[in-house]
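Here are the chains, one letter per residue:
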Amino acid sequence: MRRLIMDKIIFIQLNEINFEVVEKYIHKGYDLEYLQKILEQGINTFENETYKNLEPWIQWVSIFKGQTFKEHSVFHLGDGMKSMGENLFSDLRYSLDLSCGAVAPMNIPSGEIDFDFFIPDPWSTSKSIGKPILNRISRAISQGVNDNTGEGLSFKNKVNLLAGLFLILKPKEILRVFKYYLGIKDRSYKKALFLDYILVLLQQALSKEYATEFSTVFLNAGAHIQHHYFFNSQVLSKSDKLNNPKWYIDENIDPLADALMFYNRIIESYEKLDYKIIVMNGLQQIPCEKIEYYYRLSNHENFCKMIGIEFKSVLPRMTRDFEILFESNIDRDNCANKLKLIIDGKGTKVFNELDIRDKSIFCTLTYSDEISDNKEFYLDNKKLNLSSCVNFVAIKNGQHDKNGKFYISGIDLKKKYNSPIELSKIREILCTEIPQLIRKN
């Protein structure tokens, strides 16, 4: 029989939110009471890595494994299976005897851990743990996040998601979900916040149902919004930012302000449910110094067929990234050679990052200028109509920065630890502090 919980813990992975910018919104008069508490009581973190290694799918592995990138060597999103073995969850489950749950932890596999519930991140091929309906919810979320067409969820996955919500959430929660959805209207960036809202409600409902003692939820909408709309923030000085074109977003709209007010309400909801709260952002984002365009292949398999690649399957990852699997390394090498030859009229490569592995290539569409209908691209001196093969994703507004924030409710981290803390040390700190948070009968 599950022990009676006196306290329960939520680890909110508030991915890449810049708390220095949060402070500027507070000074401007925004009521961000719960984010302000993190600012005042949390301590700083850092990751001593080169810029190319400052990626959330690397650093969250560092946090949960308690290892530097050089120690765990997980470099790409979707490579989470390489991080199998002991981590924070195994510590809590087997050393501290706490029941655990997780919703979308980035690049962290379920492994052999006895989770009450587990929903993998949208870029993972892992299965959910817990109620069977969670697999259908997971597939729907994955398709929505990785959508290449811009058409949104398929009818089947809409049914899957709705069925899951009706089976897990209470009627009043479902009404709140629909109310929030209706408020999106022409503010497309709110779709990411809508997904975060669903993940939070699922975590809260599942944690209650299973009486789970420690659980996590990964929230990525703020990172997405900073990455795409940071230049629209009203608290950045003109000298700190570039301007987004008017066709991209109205200059009077501030998506980051909306995101921070949303997250303030989310943290408030956990406080009202009497959770002990841990918050981390892993890394943070700062404004970019130049304009870059992001594109994603609209149909990865069709593109590979068009350029004459023999492949086994294609696995889309986040935004510009995808992995191609092959039957042989001969096919792999032929593919790599073709991708290297795709250039624009000035000789700039379209795929400038190819990680060649055994029978696979992890590819990144690195081309950062605008891809227009009249722009010429070539494959081995033959014209290639690249504009028909890609979808515009965004104009890059935010870039990664090594600094972050770490907060545990009810514990004065500033007195106990020297700030800043390296991310690989967080696992050890959490294993020390979490027993102080929870009481059991």
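A few points on the structure. All values reported here derive from a predicted model rather than from experimental measurement.

Attention shifts here to the overall build of the protein. Scanning the protein for helices and strands turns up 15 helices and 17 strands. Relative to a compact globule of 441 residues, whose C-alpha radius of gyration would be 22 Å, the protein shows 22 Å and is just as compact. The dimensions of the protein, computed from C-alpha atoms along their principal axes, are 70 × 50 × 45 Å. Sorting the 441 residues of the protein into buried and exposed places 55% on the buried side. The long-range fraction of contacts in the protein, counting pairs at least 24 apart against all pairs at least 6 apart in sequence, stands at 69%. Of the roughly 20200 Å² of accessible surface on the protein, a fraction of 48% belongs to carbon and sulfur atoms. Once the 58 positive and 57 negative side-chain charges of the protein are each reduced to a mean point, those two points are 3 Å apart.

The subject of this paragraph is a positive patch on the surface. There is a patch of like positive charges on the surface, built from Lys127, Arg136, Arg139 and Lys156. Among the secondary structure elements, arginine 139 is positioned in helix α6 (residues 133-145). You can call arginine 139 partly exposed: its relative accessible area is 46%.

Before going further, it helps to examine the packing of aromatic side chains. Evaluation of the coordinates by the stated rule reveals 27 aromatic pairs. A centroid spacing of 5.2 Å and a plane angle of 55° characterise the contact between tyrosine 181 and phenylalanine 194, whose relative ring orientation is tilted. Separated by 13 residues along the polypeptide, tyrosine 181 in helix α8 (residues 171-182) and phenylalanine 194 in helix α9 (residues 190-210) bring together distant segments of the chain. Arranged with centres 5.2 Å apart and planes meeting at 75°, the rings of tyrosine 367 and phenylalanine 377 form a pair that is edge-to-face. Residue tyrosine 367 is found in the loop between β12 (360-364) and β13 (377-379), and its partner phenylalanine 377 is found in strand β13; the two are separated by 10 residues along the sequence. Taken together, the aromatic side chains of Phe11, Trp60, Phe64, Phe89, Phe115, Phe118, Phe214 and Phe218 make up a single cluster linked through ring pairs. Sitting over the face of the ring of tyrosine 275, lysine 8 holds its NZ or CZ atom 4.7 Å from the ring centroid. The aromatic ring of tyrosine 294 is capped on one face by arginine 320, whose charged end is 4.2 Å from the ring centroid.

Now for the state of the cysteines. Overall, the coordinates contain 0 disulfides when judged by the stated rule. No disulfide involves cysteine 100; its sulfur sits 10 Å from that of cysteine 431, the nearest cysteine. The exposure class of cysteine 100 is buried, given its relative accessible area of 0%. Its sulfur unpaired, cysteine 304 is 5.9 Å from the next cysteine sulfur, which belongs to cysteine 335.

Attention shifts here to the sheet that holds strand β9 (residues 321-325). If you walk across this open sheet you meet the 4 strands as β8-β9-β12-β11, and the pairing is antiparallel. Unpaired on one side and paired on the other, β8 (313-316) and β11 (353-357) mark the two borders of the sheet. Direction aside, neighbouring strands of the sheet carry axes that sit 15° apart on average. By the bridge criterion, 4 bridges tie β8 to β9 in an arrangement that is antiparallel. Each residue of the ladder has a partner; that of leucine 315, found in β9, is glutamate 323. Contacts from helix α13 (residues 329-340) reach β9, β11 and β12 within the one sheet, and its direction differs from that of β11 by about 170°.

Quick notes on the rules
Residues numbered from 1 in each chain as written. Predicted model: local features only at pLDDT ≥ 70, side-chain atom pairs only at ≥ 80, totals over all residues. Heavy atoms only, no water. Helix = DSSP H or I, 4+ residues; strand = E, 2+ residues; numbered from the N terminus. Rg over C-alpha atoms; globule rule 2.2 N^0.38 Å. Buried < 20%, exposed > 50% of the residue type's maximum accessible area, 1.4 Å probe, protein only. Contact = heavy atoms within 4.5 Å. Areas by Shrake-Rupley, 256 points an atom, 1.4 Å probe, with all protein chains shown as cover. Lys, Arg positive; Asp, Glu negative; His and termini not counted. Charge placed at Lys NZ, Arg CZ, Asp CG, Glu CD. Patch = residues over 30% accessible without salt bridge, like charges linked within 9 Å, V, L, I, M, F, W, Y side chains within 5 Å. Salt bridge = Lys/Arg side-chain N within 4 Å of Asp/Glu carboxyl O. Phe/Tyr/Trp six-rings, centres within 6.5 Å; stacked < 30°, edge-to-face > 60°. Lys NZ or Arg CZ within 6 Å of the ring centre and 35° of its normal. Disulfide = S-S within 2.5 Å. Pairing = 2+ DSSP bridges. Axes fitted to C-alpha atoms, helices over the stretch in contact; angles between N-to-C directions.

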